[in-house]
Amino acid sequence: MGRTMAEKVWDAHVVHRAEGEPDLLYIDLHLVHEVTSPQAFDGLRQAGRGVRRPDLTVATEDHNVPTKGINLPIADEVSRTQVETLRRNCDEFGVTLYPMGDAEQGIVHVVGPQRGLTQPGMTIVCGDSHTSTHGAFGALAFGIGTSEVEHVLATQTLPLKPFKTMAITVDGELPQGVSAKDLILAVIAKIGTGGGQGYVLEYRGSAIRALSMEARMTIANMSIEAGARAGMIAPDETTFEYLKGRQQAPSGAEWDEAVQYWKSLTSDDDAVFDAEVVIDAAELSPFVTWGTNPGQGLPLAGRVPDPELITDEAERVAAEKALQYMDLTAGTPLKDIAVDTVFLGSCTNGRIEDLRVAAEILDGRRVAEQVRLLVVPGSMRVKQQAEAEGLDQIFVASGAEWRSAGCSMCLGMNPDQLAPGERSASTSNRNFEGRQGKGGRTHLVSPAVAAATAVRGTLSEPGDLRQPVVAG
Amino acid sequence: MQAFNTHTGVGIPLRRSNVDTDQIIPAVYLKRVTRTGFEDGLFAAWRADPSFVLNQPVFAAGSVLVAGPDFGTGSSREHAVWALLDYGIKVVVSSRFADIFRGNAGKGGLVAAQAAQDDVELLWKELENAPGTEVTVDLAAQTISAGSLTVSFQIDPYVRWRLLEGLDDISLTLRHADQIDEFEKSRKKFLPSTPAPGAGTAARTPSR
């Protein structure tokens, strides 16, 4: 029987296998940031251990960093302590670090791919659930806890329990104006936030193959929001094209050898998945969440759902609570919902293509008067690229704030937060209660919807802007 | 991780069920950057109450916590186990443990001894009738003794073996160090490595 891509990558990394024990897997790349690593390094210190492979480990500062005034000391004491601790630890253990102010600094899941560190067939871990992002390249990539971070630092391996596989097949063509973000929000709405539990998802089908690498990263990134352990997309010419010439990608004869190997990773035709979900791309439209988990989403053209009509009791209760928290009334057209803040950024949608899409919509337009638009590039390289293309000028001219790289308002660990009761349209990945600031209300959207929403002041898609914009 | 064979220490009767990890250590203590020193966060809210068991001098230096059912529910924070260990607790006895807590306990070297609720009641009586009674926990024999009382407890055989051998996950993995070395020799040459520190990049020289 054939094997799936996930099984091939797993099998190629088994260091030790024995009956009744978890498989011991080798880890090709360990990404580190300031929040989940301090106790791991401290554990090494206590046990008198070192980092086995500093050359397969790289750190960046992202969760806590301010996105303005980055040359000043961090004002928040806890954030400053975590960042300073990471610097000390990387120094002591010989780990490469991209600190604030460095040209390579950025969100860990943006930095890995842009340097070419993320490659097909690799095992990649990080103490961060959105490590699934790297699966867009056909890598097996997943988030781990702090003691597992210590384990990988010490041994470059991880004991892991087996997983199940789920194929998510998306065939057909995405309609004009429908993006990868809309697609993944629709997938999560369909299978639910627990639908992927215990599974490695493989996104496949013609609609997936037609996507750029950055769009694929948006999809793989949110696999965790469906509860999955990881999400993968088979490497193809698009993947190779993206990787070729990047700083840490193979070159010369090694490039040819690598491509040969990468091509062999595709799931075999006779491979059997434990579960399969099929989605018709042509039926998709811009999507938005109305509730307090990423599975509570609907097409933007719809209305706030009526909990009374939900038959499943647990879901009905969840919907009632969500509407109460979100301060929404059943039946309200989603496009009538006014927002205070629009956040464009995060490891889900903080890449150059995301900024380009938003800038194109904002060019020649103004952000609505009562709306704050925050544009936070995913990395300093993305920032630099955007500035080289003049995108920053478009953002600033439209009335947006142009910031430096970091996780920012995705989780509000830095000063970029929603005030209690404030409502946002956000290109990030989680709409949990209080995620973007205590009492804040989040609607997850694509970059295009974010930009159109910033202009109109209510949840909107670019098509809505064709009508003359009413002043205000 | 220290090997665990038998342990003798003062038993602490904690007559509460559903002791969740937010009670064991509140979230405000999670911002630390160290792996030790969490003892002051242990049961922080309850310790504000002078009548709380750990505030009684006779129990304050205890090391065997005998608690009600469903110990360690809620958030998966590993800090809950660290706080107990940092305080000096070596064994928690309960009739039911939350799965994640039990897993974290095994990783950290804390013995989570599952005893029948009737036996927990007997232990509570013994410890309350004669405060300061020492409890002996024998991991090999899977018994808990206090005064004239001896009861048995359950623990996952694999976890028990690891605790007896003093093997944490990392030590266990390092028993396969040869295989890791061997695997590394066969890794594909084209796989990337992160730049070595100071090797011509601007990394690690923050422009502050």
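This one's a predicted model, so the numbers in the text were calculated from it and none came from an experiment.

### So, the sheet that holds strand 8 (residues 157–160) of chain A
All names here are of chain A. Taking strand neighbours across the sheet as the criterion, the three strands line up as 1-2-8 in an open arrangement whose pairing is antiparallel. Across the chains shown, the open sheet's two edge strands, defined by having one partner strand only, are strand 1 (14–16) and strand 8. Averaged over all pairs of adjacent strands, the angle between strand axes in this sheet comes to 40°, irrespective of strand direction. Here strand 2 (residues 23–26) pairs with strand 8 via four bridges, running antiparallel. Along strand 8, the bridge assignment pairs Leu 25 with Leu 158.

### Brief notes about the environment of Gly412(A)
All names here are of chain A. Here Gly 412 shows up in the loop between strand 17 (401–402) and strand 18 (423–426). Residues Gly 412 and Ser 446, spaced 34 residues apart in sequence, show a C-alpha to C-alpha distance of 19 Å. Ignoring any residue separated from it by four or fewer positions in sequence, one finds Gly 412 in contact with Gln 417 and Arg 435.

### A short note on the UniProt feature "binding site: [4Fe-4S] cluster" (unreviewed entry) in chain A
All names here are of chain A. Here, the residues flagged by UniProt with the feature "binding site: [4Fe-4S] cluster" (unreviewed entry) are Cys 347, Cys 407 and Cys 410. For this annotated set, covering 64 residues, all C-alpha atoms fall within 8.8 Å of each other, a compact arrangement in space. Tracing the chain through its elements places Cys 347 in helix 12 (residues 346–349). Discounting residues that sit within four places of it in the chain, Cys 347 has contacts with Ile 107, His 109, Val 110, His 130, Asn 221 and Asn 429. Relative to the assigned elements, Cys 410 resides in the loop between strand 17 and strand 18. Residue classification places Cys 410 among the buried positions, given a relative accessible area of 5%. Sequence-distant contacts of Cys 410, defined by excluding residues within four places in its chain, comprise Phe 343, Ser 346, Ser 428, Asn 429, Arg 435 and Gln 436.

### Things to note about the sheet that holds strand 6 (residues 143–146) of chain B
Residues and elements named next belong to chain B. Pairing within the open sheet is mixed, and its seven strands lie in the order 4-3-2-1-5-6-7. The sheet is open, and its two edges are formed by strand 4 (111–114) and strand 7 (149–152), each paired on a single side. Each adjacent strand pair in this sheet contributes to an overall mean axis angle of 30°, direction not counted. Inspection of the sheet shows strand 6 paired to strand 7 by four bridges, in the antiparallel sense. Note on strand 7: the bridge partner recorded for Ala 146 is Leu 149.

### Focus: the side chain of Asp182(A)
Residues and elements named next belong to chain A. Locating Asp 182 in the fold gives a position in helix 6 (residues 180–191). At 7.9 Å, Lys 181 is the nearest oppositely charged side chain to Asp 182, a buried residue that forms no salt bridge. Within polar-contact distance, the side chain of Asp 182 engages the backbone nitrogen of Ser 179 at 2.9 Å. If near-sequence neighbours (up to four positions away) are discounted, Asp 182 is found in contact with Gly 177, Ser 285, Pro 286, Phe 287 and Ser 446.

### A word on the UniProt feature "domain: Aconitase A/isopropylmalate dehydratase small subunit swivel" (unreviewed entry) in chain B
Mapped onto this numbering, the UniProt entry annotates "domain: Aconitase A/isopropylmalate dehydratase small subunit swivel" (unreviewed entry) at residues 1–114 of chain B. Helix and strand shares over residues 1–114 of chain B are 27% and 18% respectively, and the end C-alpha atoms of the span are 21 Å apart.

### Let's talk about the interface of chain B and chain A
Contacts between chain B and chain A engage 42 residues on the former and 60 residues on the latter. Together chain B and chain A conceal approximately 4,200 Å² of surface at their shared face, both sides included; 57% is due to carbon and sulfur atoms. For the pair chain B and chain A, the number of links is five salt bridges. A salt bridge links Arg187(B) to Asp28(A); its shortest N-O distance comes to 2.8 Å. At the junction of chain B and chain A, the tally comes to 19 residue pairs in polar contact (both at pLDDT 80 or more).

### Digging into the packing of aromatic side chains
In this structure the tally under the stated criterion is 17 aromatic pairs over all chains. Between Tyr26(A) and Phe183(B), the aromatic rings sit 5.0 Å apart at their centres with planes inclined by 25°, giving stacked as the arrangement. In this pair, Tyr26(A) sits in strand 2 while Phe183(B) sits in helix 9 (residues 177–185), so the two residues belong to two different chains. The class for Phe183(B) is buried, based on a relative accessible area of 13%. Aromatic side chains Phe38(B) and Trp82(B) sit 5.9 Å apart centroid to centroid with 45° between the ring planes, which places their arrangement in the tilted category. Linking Phe38(B) in the loop between helix 1 (21–24) and helix 2 (44–47) with Trp82(B) in helix 4 (residues 79–87), this pair joins segments that are 44 residues apart in sequence. The same class applies to Phe38(B) as to Trp82(B), namely buried.

### Re the domain arrangement of chain A
Where interface size is given, it is often the accessible area lost as the parts come together that is meant. Residues and elements named next belong to chain A. Taken domain by domain, chain A holds domain 1 (5–275) and domain 2 (302–466). Each of domain 1 and domain 2 was reduced to a C-alpha centroid, and the two centroids are 25 Å apart. Every contact between the two is made by 37 residues of domain 1 and, on the other side, 34 residues of domain 2. For the domain 1 and domain 2 pair, buried surface summed over both sides reaches about 2,800 Å², with 54% attributable to carbon and sulfur atoms. When the buried surface of domain 1 facing domain 2 is broken down by residue, Thr 67, Ile 107 and Glu 214 rank first, second and third, together holding 23% of it. Note that Glu 225 and Arg 430 form a salt bridge whose closest N and O atoms lie 3.1 Å from each other. Counting across the domain 1 and domain 2 interface gives 23 residue pairs in polar contact (both at pLDDT 80 or more). Elements that contribute at least two residues to the side of domain 1 that touches domain 2 include exactly helix 3 (77–93), helix 4 (108–115), helix 6 and helix 8 (213–221).

Thresholds applied
Residues numbered from 1 in each chain as written. Chains lettered and ligands numbered in written order. Predicted model: local features only at pLDDT ≥ 70, side-chain atom pairs only at ≥ 80, totals over all residues. Heavy atoms only, no water. Pairing = 2+ DSSP bridges. Helix = DSSP H or I, 4+ residues; strand = E, 2+ residues; numbered from the N terminus. Axes fitted to C-alpha atoms, helices over the stretch in contact; angles between N-to-C directions. Contact = heavy atoms within 4.5 Å. UniProt positions renumbered as here; feature names shortened; annotations may be inferred. Buried < 20%, exposed > 50% of the residue type's maximum accessible area, 1.4 Å probe, protein only. Lys, Arg positive; Asp, Glu negative; His and termini not counted. Salt bridge = Lys/Arg side-chain N within 4 Å of Asp/Glu carboxyl O. Polar contact = N/O pair within 3.5 Å; in protein donor to acceptor, adjacent residues only side chain to side chain. Buried area = accessible area lost by both parts, 1.4 Å probe. Phe/Tyr/Trp six-rings, centres within 6.5 Å; stacked < 30°, edge-to-face > 60°. Domains from an automatic or database assignment.

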